[in-house]
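Coordinate analysis (summary)
Each chain, letter by letter, is given below.
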Amino acid sequence: MCGIIGVVGTPDAPDALDTLLEGLARLEYRGYDSAGVALVRPGETWRARTASGTESVRALVEVCAQAPPGFASGIGHTRWATHGAPEAENAHPHLDCTGRIAIIHNGIIENHAELRAGLVERGHTLSSRTDSEVLAHLIEEARRAGADLVEAMRQSLGRVRGAFAVAVVDATEPDVIVAARRVSPLIVGTAPGRTYLASDVPAILDRASAFYAVDDDQVVRLGPAGFSAVDLEGAPVRLRQLAITWDLETAEKGGFEDFMTKEIEEQPAALANTLLDRRRGDGTITFDELRVADDELLEVRRVVIVATGTSHHAALVAKYALERWARLTTEVDIASEYRYRDPVVEVGTLVIGVSQSGETIDTIQAVREARRRGARVVAVTNVVDSSLAREADAVLYTRAGLEVSVASTKSFVAQVAALEMLALRLAQLRGTLLAVDVEAHVRGLGAVGTLVAAALTRRDVVTDVAKQLVGARDFFYLGRHVGLPTAMEGALKLKELTYLHAEGYPGGELKHGPLALIEPGVVVVAVATDPVMYDKMLSNLAEVKARGATLVVVATDDDEAIDAVADYVLRVPATEPLFSPMVDVVPLQLFAYAMARGLGRNVDRPRNLAKTVTVE
Ligand code: F6R
């Protein structure tokens, strides 16, 4: 989510600042809300930070015009906020109490609250509201106890839980950067006389001549002449060399052809990040940033979710979870409709606004209306401090990372996961599920990323099916239960990417009218992964098959019967039905993508659409 860069050079070529600022500018495509650098030389650490949204790097360049000359080493960071608002004091690098040690961090420190409390008790002063700052102070303590920088990093990481790509500099060891990784990406680059590190290849693409991947739980020590690495126990390890022949544009897309593919592939990580630090050791659920007291949540009698587009489909999935698990009557409304229908807001109504961008005007206006009528409002959004977040009483962040492609993909899975966690939290408080069941579901949710990753490996099969169907013009997407919002999302992806007619429809409703449209040439894409609804869905499929439609069916790996019915089968791993939308949507995203590519469409920027719709 955040961007990281670092460089160590020799004092005779003190150009660290240029390298860092250029690298940060190259990370601009990832989006950020603040930026900063820390430069080191013997006895001195110089730091600058700015928080001017997408102008942050430009503002940083201006501030850095005041930097004293002569630094050969330093670290830089662009932040996409997760803990703490996008303000200068929350921007990285963070310093320790001495002001000598500076750290940058991408990821989430799950146990930051308890670490912070301990540090404060031991006399440290922390100046930000981030989870990251604790690392600077933990390293400070280890250094004070005599550890060198590598050892201090190893000891500190031994105390943290969570995900990290972290780098540290210390003015008492100025020609060294120590960096480490767990989950969040980190690479090292080398060139004569300089060694670099970065979260993303573009930051150092034209500076380094060789690239290496840092793997999980490896700690790297970078010096001007190269690097060495150890594992968390201190045993030496070798970094994997990467063969990178990308140009800048390919590098920005993570080596993929387009942002949509990158973002589809990022779904397991989006899920992992969204679920991270929300489950306590005792199996209960906690949301750091959801500042609604438990007794307020206990007063909730009815939930209304307002959203648009893909976010609306995620909300529809959440309805099933809130009703099944938390036994709460849940209504889902299209945001642009809610506001104008004189909605009823009774005591105990919780309104949830769901929006990836947090800037969709329809959703913002809907929650504003709900608040005006006395509802408590929770925002579920991907952008910290977005307008929606500011409108709401409380916020729950999806942590999908920046989504560039106009068509939402990873946001959908992250929204479903976040909303389902919220449903489990409500179930836990209300006692509508046994503690063991909550735990089992939380564990199940944690395993969905692996299933999504498995579904992603089947891209070639989906692409082949799309090739066969590239001439088709009319598509119906059928689903039942949570398969319905999944089908609706599949249809939305197809229509916005290919400009073909596609409609998501309840399987059981087809015979009440639309069946008249089914004829040879029409393609029916069905989601048939729910065992409870399976037989009913097969009857619906028989109806369309009898009228000559071509049938594409999303079915589970163990479903042998489906081959006799479907013309094409898109296989997915089976999972608990309420989790299935996050898995079943994958072949539908891949199918829409392959169809669009087959038709020569621009998948990242479909015609007539904007990523964020800020007009009514
Ligand atoms: C579909 C799509 C749109 C958005 C919708 C809501 O792929 O991208 O339908 O889902 O405009 O946007 P957010 O979630 O930002 O409110």
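Residues numbered from 1 in each chain as written. Predicted model: local features only at pLDDT ≥ 70, side-chain atom pairs only at ≥ 80, totals over all residues. Heavy atoms only, no water.

1. Things to note about helix 5 (residues 149-157)
Across the 9 residues of helix 5, 7 count as buried, placing the element largely inside the fold. Of all the positions in helix 5, only Leu149, Val150, Ala152, Met153, Arg154, Ser156 and Leu157 are classed as buried. Considering only its buried residues, helix 5 is in contact with helix 4 (133-144), strand 7 (162-170), strand 8 (177-182), strand 12 (218-223) and strand 13 (226-231). One side-chain oxygen at the N-terminal end of helix 5 lies 3.2 Å from the backbone nitrogen of valine 150; it belongs to aspartate 148. (Buried < 20%, exposed > 50% of the residue type's maximum accessible area, 1.4 Å probe, protein only. Helix = DSSP H or I, 4+ residues; strand = E, 2+ residues; numbered from the N terminus. Contact = heavy atoms within 4.5 Å. Polar contact = N/O pair within 3.5 Å; in protein donor to acceptor, adjacent residues only side chain to side chain.)

2. Some points on the pairing of strand 2 (residues 34-41)
In terms of burial, strand 2 is a largely internal element, 7 of the 8 residues being buried. Looking at chain direction, strand 2 and strand 3 (residues 44-50) are connected through 7 bridges and run antiparallel. Looking at strand 3, one finds that valine 37 is bridged to alanine 48. Counting the residues between successive antiparallel strands, the hairpin from strand 2 to strand 3 contains 2 residues, one of them, glycine 43, with a positive phi of roughly 80°. (Pairing = 2+ DSSP bridges.)

3. Considerations on the packing of helix 10 (residues 309-326) against helix 14 (residues 410-430)
At their nearest, the axes of helix 10 and helix 14 sit 9 Å apart, and the two run at 20° to each other. Regarding the angle of helix 10 to helix 14, the classification is roughly parallel. Crossing geometry of helix 10 relative to helix 14 is assigned as right-handed. In this structure, helix 10 contributes Thr310, Ser311, His313, Ala314, Ala315, Val317, Ala318, Ala321, Leu322, Trp325 and Ala326 to the contact, and helix 14 contributes Phe412, Gln415, Val416, Leu419, Glu420, Ala423, Leu424, Leu426, Ala427 and Arg430. Split into classes, the residues belonging to the contact of helix 10 with helix 14 amount to 15 nonpolar, 4 polar and 2 charged. (Axes fitted to C-alpha atoms, helices over the stretch in contact; angles between N-to-C directions. Parallel < 35°, antiparallel > 145°, perpendicular 65-115°, else oblique. Left-handed = near helix turned anticlockwise from the far one by under 90°. Nonpolar A, V, L, I, M, F, W, Y, C, P; charged D, E, K, R; others polar.)

4. Here's the deal with the domain arrangement of the protein
You can read the domains of the protein as domain 1 (23-68 + 81-182 + 195-252), domain 2 (263-453) and domain 3 (458-598). On a C-alpha basis, the centroid separation for the pair domain 1 and domain 2 is 31 Å. Taken together, the contact pairs 13 residues of domain 1 with 10 residues of domain 2. Taken over both partners, the interface formed by domain 1 and domain 2 buries close to 890 Å², and the fraction arising from carbon and sulfur atoms is 63%. It is Thr82, Ile108 and Glu110 in domain 1 that bury the most area against domain 2; as a group they hold 42% of the surface buried on that side. Scanning the region where domain 1 abuts domain 2 turns up 0 salt bridges. Our enumeration of links across domain 1 and domain 2 arrives at 0 residue pairs in polar contact (both at pLDDT 80 or more). Looking at side-chain class alone, the side of domain 1 that touches domain 2 contains 6 nonpolar, 5 polar and 2 charged residues. (Domains from an automatic or database assignment. Buried area = accessible area lost by both parts, 1.4 Å probe. Salt bridge = Lys/Arg side-chain N within 4 Å of Asp/Glu carboxyl O.)

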